[in-house]
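Coordinate analysis (summary)
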Amino acid sequence: MTEPVYETVEEWVTERFVPMYRRTLGGEFRWCAQWWRHAEAISRLTALWHAWEALRLEAGTGMGVWYRDHLDHQLPILLGARGPFYQCSEDEHLEPHLANVEPAPPGWWGHSTESASDNPADEPELDSHV
């Protein structure tokens, strides 16, 4: 198995993504220097990084596929005026608004709350720092 070029998404973002895929910022394109505070950005950038690491090894059209199927789709969303950095500028991070969520009434999903696991290990893990 081939070792990845970059060990972390942060390394890939700072050494590959930001220097390579430059856009004039403001207006149509947004960026936050504290990109790591945006859960959606972390997810999208991680997906781009993983796909880049895999497709860079494909001879011939691997990188073309990466551009077409990955970067060209994610970049307008990631940097777009309605994307995860929509409130930020390159110089200022503003915490994104978290939508309110109300729990569904008991029985809504067709199972009783008593049958739900009481084991926290069965629950999906969320990053508390995001």
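The name given to the chain in an unreviewed UniProt entry is DUF4913 domain-containing protein, with Microbispora cellulosiformans as the source organism.

Right, let's talk about the side chain of E53 for a bit. Among the structural elements, E53 can be located in helix α2 (residues 39-55). Polar side-chain contacts of E53 include one of 2.9 Å to the side chain of R56. When residues no more than four places from it in sequence are discounted, the contact partners of E53 are P4, V5 and Y6.

As a further point, take the confidence of the model for the chain. With 83% of its residues at a pLDDT of 70 or more, the chain shows a mean pLDDT of 83. By mean pLDDT, the top-scoring element of the chain is α2 (95), and the lowest-scoring one is helix α1 (residues 9-20) (91). In the model, residues 123-130 has pLDDT below 50 throughout and makes 3 contacts with residues more than four positions away in sequence or in other chains.

Scanning all chains against the criterion turns up 0 disulfides. No disulfide involves C32; its nearest neighbouring cysteine sulfur is the one of C88, lying 3.6 Å away. Given a relative accessible area of 1%, C32 falls into the buried group.

Calculation notes
- Residues numbered from 1 in each chain as written.
- Predicted model: local features only at pLDDT ≥ 70, side-chain atom pairs only at ≥ 80, totals over all residues.
- Heavy atoms only, no water.
- Helix = DSSP H or I, 4+ residues; strand = E, 2+ residues; numbered from the N terminus.
- Polar contact = N/O pair within 3.5 Å; in protein donor to acceptor, adjacent residues only side chain to side chain.
- Contact = heavy atoms within 4.5 Å.
- pLDDT = per-residue confidence, 0-100.
- Disulfide = S-S within 2.5 Å.
- Buried < 20%, exposed > 50% of the residue type's maximum accessible area, 1.4 Å probe, protein only.

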